[in-house]
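So the chains spell out like this:
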Amino acid sequence: MEPKKNQKLDPNRNSLLYFFVGMTMMLLMAFLALEWKTFYSSDEWDRATLKIQDELIEEVPITMQKLPDPPKPKIQSPPEIKIEKDDTEIIETVIESSETNQNEEIAEIEDIAVAEEDIPDQIPFILIENAPVFPGCENEKTEKEKRECFQEMMQNHIRKNFRYPELAQEMGIEGRVNVIFVIQKDGSIGNVQMRGPDKSLEAEAARIISKLPKMAPGKQRGTAVKVPYSIPITFVLN
């Protein structure tokens, strides 16, 4: 039996397709409505609503300002010329010549004063011309040999007179004492200064330095000067 209706002419055949197409168009229109932006063609504000009364418009009066007069230029009076009388005595300054005259006598050499050399009172051991001489180093010929002999004799003196303090041994105190002393102009030792980790070690270092013999003083250009000297003394427990 054949159907009475033609399937191609049935309006409900593509209803689902029509529904999705319509829904898509509605969503597109909603999206365009939300995202639609408008811009003003001119950034000038609207003057139509602004009403200015004529009474409020005030003309600024023109006033005349008087400026102060410019300062008058200062006219300096001409210098006063004083005319002296003819009988006034005028003392003239005579400029003597500094050139020598062939008739002038020549001074003797003994009469010429010689300025004394400015030699410092104290010069370091490294910079002094003639270093102090330790007893036993007098036979060394050169200055370098005398300095090396001085260093060696100082080390021998420390080793010979070295004694570790008992209190420092009991407490296990070790360290290095830096000693600075000055060899005076007469060769004696003075102005002893020291710095160490403990008073007992400093006292022992001072005792060793006090036993140094008298030396030949250091000289700068033949003049005896004070010479500071520094040496470390190390205390180490075995």
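It should be emphasised that the depicted structure is a prediction, and the values quoted were computed from it without experimental measurement.

Definitions and cut-offs
- Residues numbered from 1 in each chain as written.
- Predicted model: local features only at pLDDT ≥ 70, side-chain atom pairs only at ≥ 80, totals over all residues.
- Heavy atoms only, no water.
- Core = buried A, V, L, I, M, F, W, Y, C linked by side-chain atoms within 4.5 Å.
- Buried < 20%, exposed > 50% of the residue type's maximum accessible area, 1.4 Å probe, protein only.
- Helix = DSSP H or I, 4+ residues; strand = E, 2+ residues; numbered from the N terminus.
- Contact = heavy atoms within 4.5 Å.
- UniProt positions renumbered as here; feature names shortened; annotations may be inferred.
- Pairing = 2+ DSSP bridges.
- Axes fitted to C-alpha atoms, helices over the stretch in contact; angles between N-to-C directions.
- Phe/Tyr/Trp six-rings, centres within 6.5 Å; stacked < 30°, edge-to-face > 60°.
- Expected span 1.5 Å × (residues − 1).
- Salt bridge = Lys/Arg side-chain N within 4 Å of Asp/Glu carboxyl O.
- Patch = residues over 30% accessible without salt bridge, like charges linked within 9 Å, V, L, I, M, F, W, Y side chains within 5 Å.
- Areas by Shrake-Rupley, 256 points an atom, 1.4 Å probe, with all protein chains shown as cover.
- Lys, Arg positive; Asp, Glu negative; His and termini not counted.
- Charge placed at Lys NZ, Arg CZ, Asp CG, Glu CD.
- Polar contact = N/O pair within 3.5 Å; in protein donor to acceptor, adjacent residues only side chain to side chain.

S.K.: Outline the nonpolar core, supporting the account with residue identities and numerical values.
M.R.: By size, the foremost hydrophobic cluster in this structure holds 30 residues, and its most contacted members are Phe150, Met154, Val179 and Phe181. Every element with two or more residues in this core is listed here: helix H2 (143–161), strand E1 (175–183), helix H4 (199–210) and strand E5 (227–235). Take this core: its biggest share by element is 5 residues, from E5. Excluding residues within four positions of it along the chain, Met154 makes contact with Phe134, Phe181, Leu212, Met215, Tyr229 and Ile231.

S.K.: Provide a residue-level description of the UniProt feature "transmembrane region" (unreviewed entry) in the protein, including the pertinent values.
M.R.: UniProt feature "transmembrane region" (unreviewed entry): in the numbering of this structure it lies at residues 16–34. Secondary structure across residues 16–34 comprises 100% helix and 0% strand; the distance between its end C-alpha atoms is 27 Å.

S.K.: Got a sec to walk through the sheet that holds E1? Specific residues and values, please.
M.R.: If you walk across this open sheet you meet the 3 strands as E2-E1-E5, and the pairing is antiparallel. Whereas interior strands pair on both sides, the edge strands pair on one side only; in this sheet they are strand E2 (189–195) and E5. Averaged over all neighbouring strand pairs, the angle between strand axes comes to 20°, with direction disregarded. Contacting E1, E2 and E5, H4 runs over the sheet at an angle of about 35° to E1.

S.K.: Describe the packing of aromatic side chains, and please don't skip the residues or the numbers.
M.R.: Counting across every chain of the model gives 9 aromatic pairs. Ring geometry for Phe19 and Phe20: centres 5.7 Å apart, planes at 70°, overall edge-to-face. Given the relative accessible area of 48%, Phe20 is considered partly exposed. Here Phe181 and Tyr229 contribute two aromatic rings whose centre-to-centre distance is 5.6 Å and whose plane-to-plane angle is 50°, an arrangement assigned as tilted.

S.K.: So what's going on with H4? Residues and values would help.
M.R.: Given a rise of 1.5 Å per residue, 12 residues ought to cover 16 Å, and the 16 Å separating the end C-alpha atoms of H4 matches this to within 8%. Of all the positions in H4, only Ser200, Leu201, Glu202, Glu204, Ala205, Ile208 and Ile209 are classed as buried. On its buried face, H4 is in contact with H2, helix H3 (166–171), E1, E2 and E5.

S.K.: Report on the pattern of salt bridges, specifying residues and quantitative values.
M.R.: Applying the stated criterion across every chain yields a total of 4 salt bridges. Taking the shortest distance from any N to any O, the salt bridge between Lys185 and Asp121 comes out at 2.7 Å. On the criterion of sequence distance, the pair formed by Lys185 in the loop between E1 and E2 and Asp121 in the loop between helix H1 (15–35) and H2 is long-range, its members being 64 residues apart. For Arg147, the salt bridge identified is with Glu143, shortest N-O distance 3.5 Å. Highlighted residues: Arg147 and Glu143, both in helix H2, separated by 4 residues, approximately one helical turn.

S.K.: Any details on a negative patch on the surface? Residues and values, ideally.
M.R.: On the surface, Glu140, Glu145, Glu148 and Glu152 cluster together into a patch of negative charge. Here Glu140 falls in the partly exposed class, since its relative accessible area comes to 30%.

S.K.: Give me the lowdown on the pairing of E2, citing residues and values where you can.
M.R.: Across 5 bridges, E1 lies against E2 in antiparallel orientation. Residue pairing across strands places Ile183 opposite Ile189, the latter belonging to E2. Hairpin connection, E1 to E2: the antiparallel pair is bridged by 5 residues, and Gly187 has positive phi, about 90°.

S.K.: Outline unusual backbone geometry, supporting the account with residue identities and numerical values.
M.R.: A positive phi angle is found at Asn191, which is not glycine, with a value near 50°. Unusually for a residue other than glycine, Arg221 sits at a positive phi of about 55°. On the secondary structure map, Arg221 appears in the loop between strand E3 (218–220) and strand E4 (223–225).

S.K.: Give me the lowdown on the environment of Asp198, citing residues and values where you can.
M.R.: Summarising the element assignment, Asp198 is placed in the loop between E2 and H4. Here the alpha-carbon distance between Asp198 and Glu174, two residues 24 residues apart in the chain, equals 8.5 Å.

S.K.: Summarise the side chain of Asn161; cite the residues concerned and give the values.
M.R.: Take Asn161: it is sitting in helix H2. By relative accessible area, which is 18% here, Asn161 ends up buried. Here the side chain of Asn161 touches His157 through a polar contact of 2.8 Å, landing on its backbone oxygen.

S.K.: So what about the environment of Gly187? Which residues, and what values?
M.R.: With respect to the element layout, Gly187 can be found in the loop between E1 and E2. We classify Gly187 as buried; its relative accessible area is 0%. Between the C-alpha atom of Gly187 and that of Ala224, which follows or precedes it by 37 residues, the distance is 9.2 Å. When residues no more than four places from it in sequence are discounted, the contact partners of Gly187 are Lys214, Met215 and Pro217.

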